[in-house]
2 protein chains.
Amino acid sequence: MPADAYDQTKTALLAMGRQRVWSLMATLFGDLAQAEGSAIDGPVLSSIMAEMDVRPEAVRVALYRLRNDGWITSEKHGRTGRHALTPTSRTETRRASKRIYASPVAQLDSWQLVLSEDTEGSAAMIRSGFVPLLPRVYLGGATALAPAECLALKGATVPDWLHSQIAPLMLEAEYNALLPPLQNAHDRLEAGQLNPLQTAVLRCLLVHNWRRILLRHPALPRALLPDGWPGHRCHVLVDALLARFPRPVIEDIVTI
Amino acid sequence: MPADAYDQTKTALLAMGRQRVWSLMATLFGDLAQAEGSAIDGPVLSSIMAEMDVRPEAVRVALYRLRNDGWITSEKHGRTGRHALTPTSRTETRRASKRIYASPVAQLDSWQLVLSEDTEGSAAMIRSGFVPLLPRVYLGGATALAPAECLALKGATVPDWLHSQIAPLMLEAEYNALLPPLQNAHDRLEAGQLNPLQTAVLRCLLVHNWRRILLRHPALPRALLPDGWPGHRCHVLVDALLARFPRPVIEDIVTI
């Protein structure tokens, strides 16, 4: 029964790490209502969140917080609230989407090692897409932009031990934990067997758990990662599932 | 007066750092009697060492030590002792001579950065001609041979701060201290104005002070060193002075 597989997937993905309601809601808006002019009506939002076992009060608190942070804007249309991303959060969501919804087909494979003058500027290097391997030593894709004063050397053949040292920095354990529920969903959920509400929920949970790991590390070329990299396997599964369950039309989501 | 300049040079070079008699004597054999079959007779050795203000007893102690270490072999010819390098020490001396007497004309300028798997093997890396810049990070000439398991990256344009960080590792202060006496000798000592004994002493002191710094660090390409590198300026002066005062024929050295 597909409902079983759906429930199983939902439970497993909801159980991964600590899921903050406001963060889950930000993912939902990012996946379902990222398009310009797109909004989610209160009853639809409540139904989706309820389907993810979030109580109405927690939804109200999260909405309040997101509005306060300038992430969500709400308007009244008659007795119904309409919620949408703000111009700022839409821009930020779009930027993150480039990585979240990127194709898992490997592109760039060349990389660089960057040596900085001192141990400062580490946060800036990470923001620029570099992984800090050692104090003052960073690894990144060949197109990542290092500060001009740094020494940047073109990458060569990567020894196995370097792959092994990079893996934990790229959250290998987190990806390994995400793999089984994704694989199960991929093996058991069939296209067309979920209604729009279930589809919205599945997509939200997939994107949420994927992005929670993905956005905590820079994008490194495959050459720097071990063979069979779990992050890549997760990417392939997320990509396949999102394609199998396309974004529903918001108006088709039946409210409770 | 050249004798003045000679005395000044001798005093300045003898005053540099702690000059161990056995080490000074090893330098003397390396410069004066490196050729196969070459030996220094006891009276000549005593005269040269006396000219360097070493007392006869200290000469005997040093000779005893060098014989004990297998560095010097002594034979009696009638009442005269003849001292020479052993086959082993001659081989080691020849190897060191390649760097000590190398031409100061810059050759290789390409370099590499090597990343090792862990912090072990640092001593082996230094022996292989690498400078340890950071734990696990080494710099060396492009022809230096890193262990196969290391990551070796071709060098690029060197930023100024890297030059500054390399300088102390390449004993910049020591070279800066050696520069003034070398410059003074170069400016004031004229070719042909020293007798064979003085020439042997000058060469010994030049080579000794030069090698004491040189052999404590690997040979790095000029690209990795700051402009006007004092080590290079010392090299040019030592090279010019050794050429101006060629190795004397041992038999021409007049004993006291």
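Please read all numbers here as calculations on a predicted model, not as lab measurements.

## Some thoughts on the pairing of strand β3 (residues 80-85) of chain B
Sheet faces and side chains relate simply in a regular strand, where the side chains alternate between the two faces.
Residues and elements named next belong to chain B.
Next up, step 1: In terms of strand pairing, strand β1 (residues 40-41) meets β3 through two bridges, oriented antiparallel. Across the sheet, residue D41 finds its bridge partner in β3, namely R82.
Next up, step 2: As defined by bridge partners, strand β2 (residues 72-77) adjoins β3 across six bridges and the pair is classed as antiparallel. Its bridge partner lying in β3, S74 is registered against H83.

## Some remarks on the nonpolar core
Next up, step 1: If you look at the biggest cluster of nonpolar residues, it comprises 144 residues, and the most contacted ones within it are I48 and M52 of chain A together with I48 and M52 of chain B.
Next up, step 2: Sequence-distant contacts of I48 of chain A, that is, excluding residues within four places in its chain, are made with L28, L32, L197, A200, V201 and I253 of chain A.

## Comments concerning the relation of the copies chain A and chain B
Each of the two copies of the chain can be brought onto the other by a rotation about an axis and a shift along it.
Next up, step 1: When chain A is fitted to chain B, the residual RMSD is 0.0 Å, and the transformation amounts to a turn of 180° plus an axial shift of 0.0 Å. This pairing of chains is accounted for by a two-fold axis. Residue L153 of chain A, judged by its C-alpha, is the member of chain A lying nearest the rotation axis, at 3.3 Å.
Next up, step 2: Here 100% of the interface residues in chain A have copies in chain B that are interface residues too; the copies meet face to matching face.

## Here's the deal with the interface of chain A and chain B
A common way to report how large an interface is uses the accessible area buried once the components associate.
Next up, step 1: Tallying the contact residues gives 23 residues for chain A and 23 residues for chain B.
Next up, step 2: With both sides pooled, the region where chain A packs onto chain B buries about 1700 Å², and carbon together with sulfur makes up 73% of that total.
Next up, step 3: Looking at the side of chain A facing chain B, the largest losses of area belong to L151, L153 and W161 of chain A, adding up to 34% of the total buried there.
Next up, step 4: There are six residue pairs in polar contact (both at pLDDT 80 or more) connecting chain A and chain B.
Next up, step 5: Counting residues per element, the ones that place at least two in the side of chain A that touches chain B are β4 (111-115), β5 (131-134), β7 (151-154) and α7 (160-169) of chain A.

## Comments concerning the layout of surface pockets
Residue and element names in this part refer to chain A.
Next up, step 1: The computed volume of the second largest pocket comes to approximately 750 Å³.
Next up, step 2: R99, L214, P218, A219 and L220 are the residues nearest the centre of the second largest pocket, which is lined by 32 residues in total.
Next up, step 3: If you list the elements that add at least two residues to the lining of the second largest pocket, you get α6 (122-127), α9 (196-214) and α10 (230-244).
Next up, step 4: No other element matches the three residues that α10 contributes to the lining of the second largest pocket.
Next up, step 5: Partitioning the lining of the second largest pocket into residue classes produces 18 nonpolar, ten polar and four charged.
Next up, step 6: Looking at the lining of the second largest pocket, you find at least three residues from each of domain 1 (2-100 + 170-247) and domain 2 (111-154).

## Brief notes about α7 of chain A
Next up, step 1: Residues of α7 of chain A that are buried: W161, L162, H163, I166 and A167 of chain A.
Next up, step 2: Phi turns positive, to about 60°, at L171 of chain A, one or two residues after α7 of chain A.

## Quick notes on the domain arrangement of chain A
Residue and element names in this part refer to chain A.
Next up, step 1: Here the domain parsing of chain A yields domain 1 (2-100 + 170-247) and domain 2 (111-154).
Next up, step 2: Taking the mean C-alpha position of each, domain 1 and domain 2 sit 31 Å from one another.
Next up, step 3: Taken together, the contact between domain 1 and domain 2 spans seven residues of the former and eight residues of the latter.
Next up, step 4: Considering only the surface of domain 1 that becomes buried against domain 2, P218, L220 and L224 emerge as the three largest contributors, covering 70% of it.
Next up, step 5: Between the two partners, domain 1 and domain 2, sit zero salt bridges.
Next up, step 6: On inspection of domain 1 and its partner domain 2, the count reaches zero residue pairs in polar contact (both at pLDDT 80 or more).

Rules of the game
- Residues numbered from 1 in each chain as written.
- Chains lettered and ligands numbered in written order.
- Predicted model: local features only at pLDDT ≥ 70, side-chain atom pairs only at ≥ 80, totals over all residues.
- Heavy atoms only, no water.
- Pairing = 2+ DSSP bridges.
- Helix = DSSP H or I, 4+ residues; strand = E, 2+ residues; numbered from the N terminus.
- Core = buried A, V, L, I, M, F, W, Y, C linked by side-chain atoms within 4.5 Å.
- Buried < 20%, exposed > 50% of the residue type's maximum accessible area, 1.4 Å probe, protein only.
- Contact = heavy atoms within 4.5 Å.
- Least-squares fit on C-alpha atoms with pLDDT ≥ 70 in both.
- Buried area = accessible area lost by both parts, 1.4 Å probe.
- Polar contact = N/O pair within 3.5 Å; in protein donor to acceptor, adjacent residues only side chain to side chain.
- 1 Å grid on protein atoms, 1.4 Å probe; cavity = no way out; pocket = protein on both sides within 12 Å on 5 of 7 lines; lining within 4 Å.
- Points joined across faces, edges and corners; volume = space filled by probe spheres on them.
- Nonpolar A, V, L, I, M, F, W, Y, C, P; charged D, E, K, R; others polar.
- Domains from an automatic or database assignment.
- Salt bridge = Lys/Arg side-chain N within 4 Å of Asp/Glu carboxyl O.

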